[in-house]
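Observations on chain architecture
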Amino acid sequence: VIGGVTPWGTWLACEEVDRGTVWEADPAGGRASVQHLGMGRFSHEAAAVDALRRVVYLSEDEPDGLFYRYVYPSTGLLGGLLQAALLADDGSVTWLPVPDPSAATVQCRLQVPATVFRGGEGLCIMDGRVVFLTTKGDNRVWRYDIPSERMDVVYRPSPGSVLSGVDNITVTP
């Protein structure tokens, strides 16, 4: 189980299995865990919370996985909208609503014509402005600029590169 910390002191535990979900857990054990089905049923890897904009970014650990965001209301994580990123040739990102996050009949990643991110792994947010995503299928590190809604690759391997099998990520100024 991977996931990510929330700004309010809980942990989003991501089930890295087919039709997996996201559970919000209190590490101190003071509150019962809550399952967030609205964040989709797929092989979740990581979660990164942008509390300012009320968004949770999610990676999908599949060779044809997507990069998602879950936009939640001011009342909390329940009742939000799951979207998948469509990356244009110029780097601009359009967020496409996933019609059925429960994946009752069709897997989430097959419901929208979004961009494939090959084996989504780690996610983190830097300075509340930039989301970094790693993909193990192509050993890339992606950068999504939140204010401009643009995305690019900041690392791709070249012959002889020592970084391979990219997985989790963290950043610091």
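As a starting point, this report considers the structure included with it. (Residues numbered from 1 in each chain as written. Predicted model: local features only at pLDDT ≥ 70, side-chain atom pairs only at ≥ 80, totals over all residues. Heavy atoms only, no water.)

The next thing to look at is the packing of aromatic side chains. To describe a pair of aromatic rings, you give the distance between the ring centres and the angle between the ring planes. As enumerated under the stated definition, the model contains ten aromatic pairs in all. Ring geometry for W8 versus Y72: centroids 6.2 Å apart, planes at 80°, classification edge-to-face. Here Y72 lies in the loop between β7 (67-71) and β8 (81-87) and W8 lies in the loop between β1 (2-5) and β2 (11-14), a separation of 64 residues in the sequence. Judged by relative accessible area, Y72 falls into the buried class, the value being 6%. Seen in terms of ring centroids, F117 and W142 are 4.9 Å apart; in terms of plane orientation they differ by 70°. Their pairing is edge-to-face. Of this pair, F117 sits in the loop between β9 (93-97) and β10 (120-126) while W142 is found in strand β12 (residues 140-145), placing the two residues 25 residues apart along the sequence. A single burial state applies to F117 and to W142, both of which are buried. (Phe/Tyr/Trp six-rings, centres within 6.5 Å; stacked < 30°, edge-to-face > 60°. Helix = DSSP H or I, 4+ residues; strand = E, 2+ residues; numbered from the N terminus. Buried < 20%, exposed > 50% of the residue type's maximum accessible area, 1.4 Å probe, protein only.)

A few words now on the pairing of β9. Pairing of β8 with β9 involves five bridges; the strand directions are antiparallel. Residue pairing in the sheet places L87 in a bridge with V93 of β9. (Pairing = 2+ DSSP bridges.)

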